[in-house]
Amino acid sequence: AGNESENADKIPYYPASYNVSNIISVTAVDDKTQLIPVANYGTHNVHIAAPGYKIFSSLPKNRYGYMTGTSQATAFVSGIAALIASQKKGQPQADEIKEKLLVTSEEKDQLIGLSQMGSIVNALFAVTQVDTGVNANGDEVLITESQDQFSSDIEKVFFANKSHLRSNRSLVSQK
């Protein structure tokens with residue numbers, strides 16, 4: 001989404017602000033799920049948030065260190081998108097992956113009004129909401145036509161650990 005502390009709805013940041021179905025615009029939050037000061041935001045041009053504060057990363061000259069920004073947050077979303085794509089039988093479509101990322105995100109009061117979803121990505125929910133219609137919280141979910149092709153061995157893992165996930169949700173979610 002960019003690192004100018006701007007409302008991307010008023011001052012678009014490209015390519016994140018292009019209105020096309022295969023783009024997911026990501027803003028960055030800290031460890032308390034607060035928008036980091038440099039991150040762009042917007043209820044139209046920014047879709048979702050992800051961790052982007054003091055993320056351990058590779059640096060030039062064969063070094064490692066901590067980085068902050070929406071690029072670091074985008075890496076989390078890209079990784080979750082890859083996990084979703086790996087679950088899909090057949091060729092995954094960008095809009096299906098994007099929809100799954102957005103509908104499995106976790107709404108946070110402090111993010112409402114700062115992105116379309118007002119939420120942070122949730123890797124666990126994204127990879128455990130499979131075609132059985134049950135998410136990682138054990139709740140029944142509406143299955144869309146695009147989601148019915150998502151199925152994998154993760155279903156077995158989920159059902160084997162369902163009660164553990166429910167009772168320890170604070171350990172496995174973004175809370």
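All values reported here derive from a predicted model rather than from experimental measurement. (Residues numbered from 1 in each chain as written. Predicted model: local features only at pLDDT ≥ 70, side-chain atom pairs only at ≥ 80, totals over all residues. Heavy atoms only, no water.)

Visitor: Please set out the pairing of strand β4 (residues 63-67) residue by residue, giving values where relevant.
Guide: As paired strands, strand β3 (residues 55-59) and β4 are joined by five bridges and run antiparallel to one another. Following the sheet pairing, I55 is matched in β4 by M67. (Pairing = 2+ DSSP bridges. Helix = DSSP H or I, 4+ residues; strand = E, 2+ residues; numbered from the N terminus.)

Visitor: I'd like to hear about helix α1 (residues 70-87), residue by residue, with values.
Guide: If you check α1, its first and last C-alpha atoms are 26 Å apart, about what 18 residues at 1.5 Å a residue would give, namely 26 Å. Buried within α1 are the following residues: T70, Q72, A73, V77, I80, A81, I84 and Q87. (Expected span 1.5 Å × (residues − 1). Buried < 20%, exposed > 50% of the residue type's maximum accessible area, 1.4 Å probe, protein only.)

Visitor: How would you explain the side chain of N7 if you had to name every residue and give the values?
Guide: With respect to the secondary-structure elements, N7 resides in the segment before β1 (26-29). Here N7 falls in the buried class, since its relative accessible area comes to 18%. Polar contacts involving the side chain of N7 include one to the main-chain amide nitrogen of D9, which spans 2.8 Å. Beyond its immediate sequence surroundings of up to four residues, N7 is in contact with Y41 and G42. (Polar contact = N/O pair within 3.5 Å; in protein donor to acceptor, adjacent residues only side chain to side chain. Contact = heavy atoms within 4.5 Å.)

Visitor: Report on the packing of aromatic side chains, specifying residues and quantitative values.
Guide: Considering all chains together, one arrives at three aromatic pairs under this definition. Ring pairs connect the aromatic residues F56, Y64 and Y66, which therefore count as one cluster. (Phe/Tyr/Trp six-rings, centres within 6.5 Å; stacked < 30°, edge-to-face > 60°.)

Visitor: With reference to specific residues and values, describe the environment of Q110.
Guide: By the secondary structure assignment, Q110 is in the loop between β5 (106-107) and β6 (119-120). The exposure class assigned to Q110 is partly exposed, which follows from its relative accessible area of 29%. Counting along the chain gives 78 residues from Q110 to K32, while the straight-line C-alpha distance between them is 9.8 Å. Residues contacting Q110, with those up to four places away along its chain left out, are K32, T33 and Q34. Looking at Q110, its side chain comes within polar contact range of the main-chain oxygen of T33, at 3.3 Å.

Visitor: Before we move on, can you summarise a nonpolar patch on the surface with the specific residues and values?
Guide: A cluster of nonpolar residues, Y14, Y18 and V20, forms a patch on the protein surface that exposes about 310 Å² of accessible area. Along the polypeptide, V20 turns up in the segment before β1. (Patch = residues over 30% accessible without salt bridge, like charges linked within 9 Å, V, L, I, M, F, W, Y side chains within 5 Å. Areas by Shrake-Rupley, 256 points an atom, 1.4 Å probe, with all protein chains shown as cover. Salt bridge = Lys/Arg side-chain N within 4 Å of Asp/Glu carboxyl O.)

Visitor: Can you lay out the pattern of salt bridges for me, pointing to particular residues and giving the numbers?
Guide: Counted under the stated rule, the structure contains one salt bridge. When the shortest N-O distance is used, the salt bridge between K108 and E106 registers 3.6 Å.

Visitor: Give a detailed account of the packing of α1 against helix α2 (residues 94-103), specifying residues and quantitative values.
Guide: Where α1 contacts α2, the axes come no closer than 10 Å and their chain directions differ by 115 degrees. Handedness of the crossing formed by α1 with α2: right-handed. Contact residues: α1 offers V77, I80, A81, I84, A85 and Q87, while α2 offers I97, K100 and L101. Residues of the contact of α1 with α2, tallied by class, amount to seven nonpolar, one polar and one charged. (Axes fitted to C-alpha atoms, helices over the stretch in contact; angles between N-to-C directions. Left-handed = near helix turned anticlockwise from the far one by under 90°. Nonpolar A, V, L, I, M, F, W, Y, C, P; charged D, E, K, R; others polar.)

Visitor: How would you sum up the confidence of the model for the protein? Please name residues and give values.
Guide: For the protein, per-residue confidence averages 81 on the pLDDT scale, and 73% of positions sit at 70 or higher. Note that residues 145-175 has pLDDT below 50 and, in this model, 58 contacts with residues that lie over four places away or in other chains. (pLDDT = per-residue confidence, 0-100.)

Visitor: Talk me through the nonpolar core; I want residue IDs and the actual numbers.
Guide: If you look at the biggest cluster of nonpolar residues, it comprises 16 residues, and the most contacted ones within it are V77, L101 and V121. In terms of residue count, the dominant contributor to this core is α1 (five residues). Excluding anything up to four places from it in sequence, L101 contacts I24, I48, V77, I80, A81, I84 and V121. (Core = buried A, V, L, I, M, F, W, Y, C linked by side-chain atoms within 4.5 Å.)

Visitor: Help me get a handle on the environment of D31, residues and values and all.
Guide: Structurally, D31 can be placed in the loop between β1 and β2 (48-51). Using a relative accessible area of 66% as the deciding quantity, one classes D31 as exposed. With 20 residues separating them along the chain, D31 and P51 place their C-alpha atoms 7.0 Å apart.

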